[in-house]
Amino acid sequence: MTVLFADVVHSMDIAAAVGAERLREIMAELVNRASSVVQGYGGTVDKFTGDGIMAVFGAPVALEDHAFRACLAALGIQEEAKRLAVDVRERDGVELQLRVGLNSGQVIAGEIGSGALGYTAIGEQVGMAQRMESVAPPGGVMLSESTARLVEHATLLEEAEKLDIKGSDAPVVARCLLGVAPQRERIGSWREPLVGRELEVSTITGLLDRSMSGRGCVVCVAGPAGIGKTRLVGEAVQLAKSRDVEVFSTFCESHATDIALRVVTRLWRAAAGVMGLDDENARARVRERVPDADEQDLLLVDDLLGIADPEVSLPRIDPDARRRRLTALVNAALLARTRPALYVIEDAHWIDAVSESMLADFFTVIPQTPSMVVITYRPEYEGTLTRIHGAQTIALAPLSDPESSALVAKLLGPDSSVGEVGEAIVARAAGNPFFAQEMIRDLAERGVLQGTIGSYVCHTDVAEVSVPATLHAAIGARIDRLGTGAKKTINAAAVIGLRFTATLLTGLEVDSVLDELTKAELIDQVRFTPRAEYAFRHPLIRAVAYESQLKSDRAQLHRRLAAAIEVGDPQSADENAALIAEHLETAGDLHAAYRWHMRAAEWLRPRDALAARARWESARCAADRLPDDHTAVLDMRLAPRTMLISTSFYVGDDVDIDGLYGELRDLTMQTGDLRSLALAMAGRIQWFADHHTRVPEAATLATDLEEMATGIDCDAATKSILLNAVAMARFVNCEFEAALQVIDEIAALTEVPAVEIALARAIRGSVEICLGDYELGRRHLQESVEQGHALPPVVSAQILFFSSAMVVLGMSQADDLVDDVHEALRRAEEFGDSSGIMAAQYSYGITLLCAEGGSPDDALDVLQRLRTDVEKHKMFKLAAATLDAVLEIDAARKGKLDEAIDVLRASFALHMSSGSRVFVGCPGEALVGLLIERGSTDDLVEAHRIVDQWPTQRLNIPALDLWWLKSRALLAEAEGNSDYYTSWPTSTSGCAKGSTPAADFPRRGEW
Ligand SMILES: Nc1ncnc2c1ncn2[C@@H]1O[C@H](COP(=O)(O)OP(=O)(O)OP(=O)(O)O)[C@@H](O)[C@H]1O
Ligand SMILES: [Mg+2]
């Protein structure tokens, strides 16, 4: 055990200066703070000594690394004392300082007396600790020889001093504790000085200084394996630390590329300062850091950092909104930070997609902060992080020959016998410093080189020496030379990853031989508390250790590891599901892998839509690889496909949903699972309806589904989903009567979910208006909007889309919707997916553009952004036609008449041929209007052609003819043909049920 003594320097003087009362107050505060530090490191406060405390580490609970923990506590106590001293100096004008002494050894411990702590340690050792305290410098920590020996590998110590101490005849050895050895958060220790790289180091220094002054930047360090990226980052880290810049690091791993969120979680855990804290304290720390944050946002952060309170459920927020809010919160925290920071992301070539895109979002604010980001990757990486706006890239080339020679000379030493072998190494290494190092290690292990690093001799004739042909071979040779136990250990560790704990190794049923690996400099111990953690010295060592194993041995390790991860942390099983699935998949246990993939997808579903889809995709692949004779394999193949198709809405048209759908169809034919097929068809129809150019396919599929739906035995909820999809297809394809029939079927069902009722009513209202029944239609739309208030934000936004679509068609008024669209946009932004936001933006923009007293500029702005998003995300394309009309009229007003006509011409043609013709009139009318405005002979001919062609293409739906009638009238007016012009109002007989829309509503040209 280790005993800690802390005492206030010259406490009598302080008492004299401030009075006994105040001294007691100061002492109470100090003891409180010190005690919590001690407890934080697992120690026990043994007693208060009047002007200090005594604490014990290693008892009553046995702690293996008691000495190291005691050192950490001693440093922590000194820090607290220094903080308190600032207050005391200000208030009382006296200097508060502490001395701390530590001693380790056998202490006879037992229940002596019945003090509050019920525990007292006695023995000679306690006395030694006290003596160490007495010789410590004020503000310092003194270690006895025994303690120093236990911690010298992990701490920074002053040279040993021999001190005369009261009560001891001979002088006693003591060492002053300076700090904890820089924890190698990452692999790659280097004792050899840096060779070359002057330009790179000075670039990074310059960028760091500029960043610190408030103009932050992102720096990419690229280059092949072993070239020195991590080494250069190490220089940057040293520089940063010497300038008091805080450093936060994370790294990516080859086996975790498919595990969503892993890298970003790790980085923010470091930045939030929650490493090493238990969940409760971690949550408290986060709240300290961002004191004004919204409570729901904080719950999202807890969840991201993996420190959530299991008793508190995740707020009901859609994944997109979750991501937006997290981004906003982290960005705000980054911007609010005044202390400079360096963020390091190592080995981005292995980053997972979700982390990658989240980090890219976060890095957009870096230029406005005093922070620098350094990202390293190998040249094969071409992802988003290589394209961050304004980032600087440092591409590391091989060392030059003189530099390589200098490096090798430093490693080998000055003896003339190594000259020739050195040349051979330089030639083979081709400027790769890691290769040079590994060759030298290999030769040393083989006995060709004798001595130690920096002072080798060589007695072998170089002609007889073989040097490894490649870096891999050099590392492989070194691993081969290990004893059986060490080899088994390194193999198992390689399966775990770059970093591993001894506990996990034990879980793999491996008797760890870590010493030999550390000595051979293949691995390093990177953490001592709370549990020992190790890391491969270099990613390539892990890669070689991994690849050199027999596949079957490796598979077995992967299988055991999956079990060990599950058993080791059952509470985090959902969070670890993706990792477990990956290991099982590599082990070839497809059945189990499938289950874990599906479980991971469920966990990811409310967190990140794309990440969840990636898991279903993995589950699909696993199921497809299973042999056909496997029972229930068809169901396994079906389930992830169903999920992929029904969530395809989130991915625009980037993926091959058509192929997937065809496969699903075949599968359901084999299993007879018509319900799954019908639901997938409904999803497919919605998707087609949303993608303007595929409306005809929506219509065809709707016919199939309608036929099928009658034959399926399913509940009202499912049935209403199916029928609503059919109704939507009918609506966008202008089959209005058919749409009403389907909606009547929904109305006839009982126990239909509110969502489906509201959607059906919104479609009904729109259809009725299109048919000319304005009053009834508007009433139904109004009812659906009211119902929408109580429904999820995405649904209420969808419902409002129908109302505002009627506004843009000139068939309904905007004024009543103003309050609703504001609220819908707010809710969608706070809680909803992108699709919901897009629908809400649409309604908001259209409504504020058309409403009395609206704000057209703001509205056009929102619609402009929306159009860009529609293009970018390939979602909500149904809105494209009307957006084109509105925005191009505006563009023409602002002088871009020619461009506007070109866009509208294309848009009109597209929607006429394959899109939703409900909306085709909008670009049509806008186009005719602008052609007339430009007014060349060709323009008028074109306008005529458009207007004249309509009667052959019209759908015989009076409401849809309005645009044509208006266009025709405009044309007539322009040409002074009053007959033509005056004939139009009478032909709107279809609108007789309501008021005449043309009289009620502004013509779009008047916006
Ligand atoms: N300029 C240099 N001078 C001295 N030693 C160097 C230099 N560059 C790299 N090294 C040493 O070479 C080894 C490999 O370098 P490092 O780990 O930085 O490679 P890396 O580019 O990060 O490779 P990887 O892509 O595999 O991570 C390290 O031990 C490092 O200390
Ligand atoms: Mg590296």
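Structure shown above.
Within each chain, residue numbers correspond to sequence positions counted from 1 in written order. In the order they appear in the text, chains get letters beginning with A and ligands get numbers beginning with 1. Per-residue local features of the predicted model are confined to residues with pLDDT of at least 70, and side-chain atom pairs are confined, for both listing and counting, to 80 or more; whole-chain, interface and lining totals are unaffected and use all residues. Side-chain descriptors were evaluated using all non-hydrogen atoms of the structure, hydrogens and water having been removed beforehand.

Draft legend 1. Structural view of the overall build of the protein chain. What counts as a helix is a DSSP run of H or I of at least four residues, what counts as a strand is a run of E of at least two, and both are numbered from the N terminus. From N to C terminus, the protein chain includes 43 helices and 20 strands. With the C-alpha coordinates aligned to their principal axes, the bounding extent of the protein chain is approximately 125 × 85 × 60 Å. Each residue is assigned to one of three classes by its accessible area relative to the maximum for its type, calculated with a 1.4 Å probe on protein chains only: buried under 20%, partly exposed between the two thresholds, exposed over 50%. When the 1007 residues of the protein chain are sorted by exposure, 56% land in the buried category. If you take every contact in the protein chain between residues at least 6 apart in sequence, the share linking residues at least 24 apart comes to 68%. Each charge class in the protein chain can be summarised by its mean position, and for the 99 positive and 147 negative side chains these summaries are 3 Å apart. Residues count as neighbours in contact if any of their non-hydrogen atoms are within 4.5 Å of one another. Under this rule, positive means Lys or Arg and negative means Asp or Glu; His and the chain ends count for nothing. One atom stands in for each charge, and that atom is NZ of Lys, CZ of Arg, CG of Asp or CD of Glu.

Draft legend 2. Spotlight on the pattern of salt bridges. Only one rule defines a salt bridge in this text: a Lys or Arg side-chain nitrogen within 4 Å of an Asp or Glu carboxyl oxygen. A full pass over the atoms with the stated rule returns 63 salt bridges. One salt bridge in this structure joins Arg446 and Asp442, with 2.6 Å as the shortest N-O distance. Judged by its relative accessible area of 34%, Arg446 is partly exposed. One salt bridge in this structure joins Arg826 and Glu830, with 3.0 Å as the shortest N-O distance. With a gap of four residues between them, Arg826 and Glu830 both fall in helix H34 (residues 818–831), about one helical turn apart. Linked by salt bridges that have partners in common, Glu438, Arg441, Asp442, Glu445, Arg446, Arg478, Arg481, Glu521, Asp524 and Arg537 make up one network.

Draft legend 3. Examining the pairing of strand E17 (residues 455–458) more closely. Side chains of E17 alternate between two faces, with Tyr456 and Cys458 buried and Ser455 and Val457 left unburied. Two elements, strand E16 (residues 449–452) and E17, share four bridges in a ladder whose sense is antiparallel. Note on E17: the bridge partner recorded for Gly451 is Tyr456. When DSSP finds at least two bridges between two strands, those strands are taken to pair.

Draft legend 4. Up close: the site of ligand 1. Around ligand 1, a shell composed of 21 residues is seen, among which Val195, Gly226, Lys229, Thr230 and His538 lie nearest. The term polar contact refers here to a pair of N or O atoms within 3.5 Å; inside protein, the definition further demands a hydrogen-donor-capable atom paired with an acceptor-capable atom, and it admits residues adjacent in sequence only when both atoms are side-chain atoms. Gly228 is positioned with one of its backbone polar atoms (N or O) 3.0 Å from an oxygen atom of ligand 1. The side chain of Arg378 places a nitrogen or oxygen atom 2.7 Å from an oxygen atom of ligand 1. Mapped onto the shell around ligand 1, the elements with two or more residues apiece are helix H7 (229–242) and helix H15 (433–445). Residues belonging to the shell around ligand 1 are distributed by class as follows: 11 nonpolar, five polar and five charged. Whether a residue is near a molecule or strand depends on its heavy atoms: if one lies within 4 Å, it is near. Amino acid classes used here: Ala, Val, Leu, Ile, Met, Phe, Trp, Tyr, Cys and Pro are nonpolar; Asp, Glu, Lys and Arg are charged; the rest, including Gly, are polar.

Draft legend 5. Representation of the packing of helix H32 (residues 774–788) against helix H33 (residues 793–808) in the model. Lines fitted to the C-alpha atoms define the axes, with helices restricted to the stretch that makes contact. Angles between their N-to-C directions range from 0 to 180 degrees. Close contact between H32 and H33 brings their axes to 9 Å; oriented N to C, the two are set at 155°. When the interaxial angle is binned, H32 and H33 end up roughly antiparallel. Note on packing geometry: the crossing formed by H32 with H33 is left-handed. In this structure, H32 uses Leu781, Ser784, Val785 and Gly788 to contact H33, whose residues at the interface are Ser796, Ile799, Leu800, Phe802, Ser803 and Met806. Its residues assigned to classes, the contact of H32 with H33 comprises six nonpolar, four polar and no charged. Roughly parallel covers angles under 35 degrees, roughly antiparallel covers those over 145, roughly perpendicular covers 65 to 115, and oblique covers all other angles. For a crossing to be left-handed, the near helix must be turned anticlockwise from the far one by less than a right angle; the clockwise case is right-handed.

Draft legend 6. The sheet that holds strand E12 (residues 246–251), seen in detail. Here we have five strands laid out as an open sheet, ordered E12-E13-E14-E11-E15, and parallel in their pairing. Every other strand in the sheet has two partners, leaving E12 and strand E15 (392–395) as the edge strands with one partner each. Direction aside, the axes of adjacent strands within the sheet are offset by 15° on average. By the bridge criterion, four bridges tie strand E11 (residues 217–222) to E15 in an arrangement that is parallel. Within E15, the position partnered with Val219 by the bridge is Gln392. Contacting E12 and strand E13 (341–346), helix H8 (residues 262–271) crosses the sheet at an angle of about 160° to E12.

Draft legend 7. How the structure looks around the environment of Gly43. Secondary-structure assignment places Gly43 in the loop between helix H2 (20–40) and strand E2 (44–48). According to the relative accessible area criterion, Gly43 is buried, its value standing at 9%. Residues within four places of Gly43 in sequence aside, it is in contact with Val38, Val56 and Phe57.

Draft legend 8. Looking closely at the side chain of Glu346. Relative to the elements of secondary structure, Glu346 occurs in strand E13. Accessibility expressed as a relative area gives 3% for Glu346, which makes it buried. Side chain to side chain, Glu346 and Thr230 meet in a polar contact 3.0 Å long.

Draft legend 9. Examining the pairing of strand E19 (residues 523–527) more closely. For E19, a buried count of four out of five residues is recorded, marking the element as mostly surrounded by other parts of the structure. The pairing of E19 with strand E20 (residues 533–536) spans four bridges and is antiparallel. Bridge assignment links Asp524 to a residue of E20, and that residue is Ala535.

Draft legend 10. Inspection of the packing of helix H36 (residues 856–873) against helix H37 (residues 880–893) at higher detail. Orientation of H36 relative to H37, taken along the N-to-C sense of each, is 125°, at an axis distance of 10 Å. Taken together, the axis directions place H36 and H37 in an arrangement best described as oblique. Judged by the twist between their axes, the crossing of H36 over H37 is left-handed. Note on element contacts: H37 touches H36 through Leu883, Asp884, Val886, Leu887, Glu888 and Asp890, opposite Leu860, Leu863, Gln864, Leu866, Arg867 and Val870. Residues that form the contact of H36 with H37 fall into these classes: seven nonpolar, one polar and four charged.

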